[in-house]
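Overview (structure and organization)
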Amino acid sequence: MPSALVVGAGIFGSALADRLVRDHWEVTLVDRYEPGDPRSESGGETRMLRYSHGADSLYTELAYRGRSLWRELDRGVLIEAGVVWFVHRDGGWEADSEDAMRAAGIPVERLEPAEAERLFPSLRVDDLDYVLFEPEAGVLRAGDGVRALVARAREGGLREERALATPAGEAVSLADGRVLEADHVMWACGAWLARLFPVLAPLRVTRQDVCLFDTPPEWATPSVPGWLDFDSSFYGHGLVEPHGMKVSNDAEGPEIDPDERPERATDERIRRSRDYLGHRFPALAGASVRSAPVCHYALTPDANFLFARHPEHERVWLLGGGSGHGYKHGPALAEQVAAVLRGEAEPEPRFGLAAREPSRALRTAGS
Ligand SMILES: Cc1cc2nc3c(=O)[nH]c(=O)nc-3n(C[C@H](O)[C@H](O)[C@H](O)COP(=O)(O)OP(=O)(O)OC[C@H]3O[C@@H](n4cnc5c(N)ncnc54)[C@H](O)[C@@H]3O)c2cc1C
């Protein structure tokens, strides 16, 4: 039976551990925290499942494959609400996304702004050119999704270690002095990859403030879809209990140490989220803030993920660089990684270790 050590129980590591266990591998998942811990990037409240990726067919199709795998996992993680894009001008990123989705056979509709009003209890549309609707997209419960994948892997015999790990050549050294070995070692350590492998994984780690509001029950998702506004960089969804209605901004915040994250968003970030909420959904002007947590992104220069073999250690691999959009792709990316580990496929060249040209083509923060 082939074996793997996966270090990091975020979405990338947990989805891979689950995939390999179900392929009858002997798998040990190592993390210093419990799966779904909000100190990881994959913990906390929610993540969007959208297929729009501008003109990029690779991620468009990966995200849509992810939909099947999230549905198969079930366990209440995927809220099938659809998502809409509030589009201010034709011919931009959303139009490219629409073309790529149509080419991939993914359902997508253009709505007149007035038509989109029926999707929300209150919606301002006078600054919109049209609304792009992805009816099969949705919202994922983030910490719950990681826990659900690990729970399924446990049912299949997953082993776990709760420990801080450091690389030891081809092996994994735990804080208590034990050294673990396996046929393959996957370092899926999110933002901390940059600390463990500073030369191979020069990730930029940024602070991302989130805002969750109290709203009346008619704002509940799934009847209210997820939503994104590329030009303003705001995105969110309706009321998802127990978290609230999310209004967040995808623009990169200042660089931070992921171990020194403040607990609460700045007043300025909360004010901006409140302003957008009141602007776009006028009935919610004055809604109160339920919570305002802080998370972090681990960004590669071009927002392509990182998945590559260590250049000096045949059995060692790096997986990460979620770049603010990795969560939804976890299970589908795990399928591809597993195929590489079985020797049946080559890693996607775009995920490799070569120097990358900075690009914003995959970012949904238009401003
Ligand atoms: C506010 C916010 C909104 C987002 N929105 C979306 C969205 O809408 N859609 C989407 O698809 N994505 C979204 N993302 C991005 C997505 O959440 C990330 O790309 C993804 O969660 C990254 O997962 P990961 O497994 O690489 O990292 P992580 O979840 O951080 O997991 C890494 C794990 O490694 C562990 N670890 C690290 N070092 C060690 C060590 N030395 N020893 C032991 N354990 C270690 C950590 O404890 C952690 O649990 C968002 C991110 C944020 C912050």
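Provided above is the structure to which this section pertains.
As a starting point, this report considers the structure included with it. Note that the coordinates shown come from a computational prediction; the quantities given were computed from them, not determined experimentally. (Residues numbered from 1 in each chain as written. Predicted model: local features only at pLDDT ≥ 70, side-chain atom pairs only at ≥ 80, totals over all residues. Heavy atoms only, no water.)

1. Overview of the sheet that holds strand 11 (residues 171-174)
One open sheet holds the three strands; their spatial order is 10-11-12, and the pairing between them is antiparallel. Strands with a single pairing partner mark the edges of an open sheet, and in this sheet they are strand 10 (165-168) and strand 12 (179-180). Where strand 11 meets strand 12, two bridges bridge the pair, whose relative direction is antiparallel. Among the inter-strand pairings, S173 is bridged to a residue of strand 12, identified as V179. (Pairing = 2+ DSSP bridges. Helix = DSSP H or I, 4+ residues; strand = E, 2+ residues; numbered from the N terminus.)

2. Here's the deal with helix 3 (residues 93-103)
Among the residues of helix 3, W93, E94, A95, S97, E98, A100 and M101 are the ones counted as buried. In this structure, the buried side of helix 3 is in contact with helix 2 (57-73), strand 5 (83-87), strand 6 (109-111) and strand 7 (130-134). Following helix 3 by one or two positions, G105 adopts a phi angle in the positive range, close to 75°. (Buried < 20%, exposed > 50% of the residue type's maximum accessible area, 1.4 Å probe, protein only. Contact = heavy atoms within 4.5 Å.)

3. Digging into the side chain of E94
Its place among the elements puts E94 in helix 3. It turns out E94 is buried and unbridged, and the closest side chain with the opposite charge, R89, is 5.7 Å from it. The residues contacting E94, other than those within four sequence positions of it, are W85, F86, V87, Y130, L132 and F230. (Lys, Arg positive; Asp, Glu negative; His and termini not counted. Salt bridge = Lys/Arg side-chain N within 4 Å of Asp/Glu carboxyl O.)

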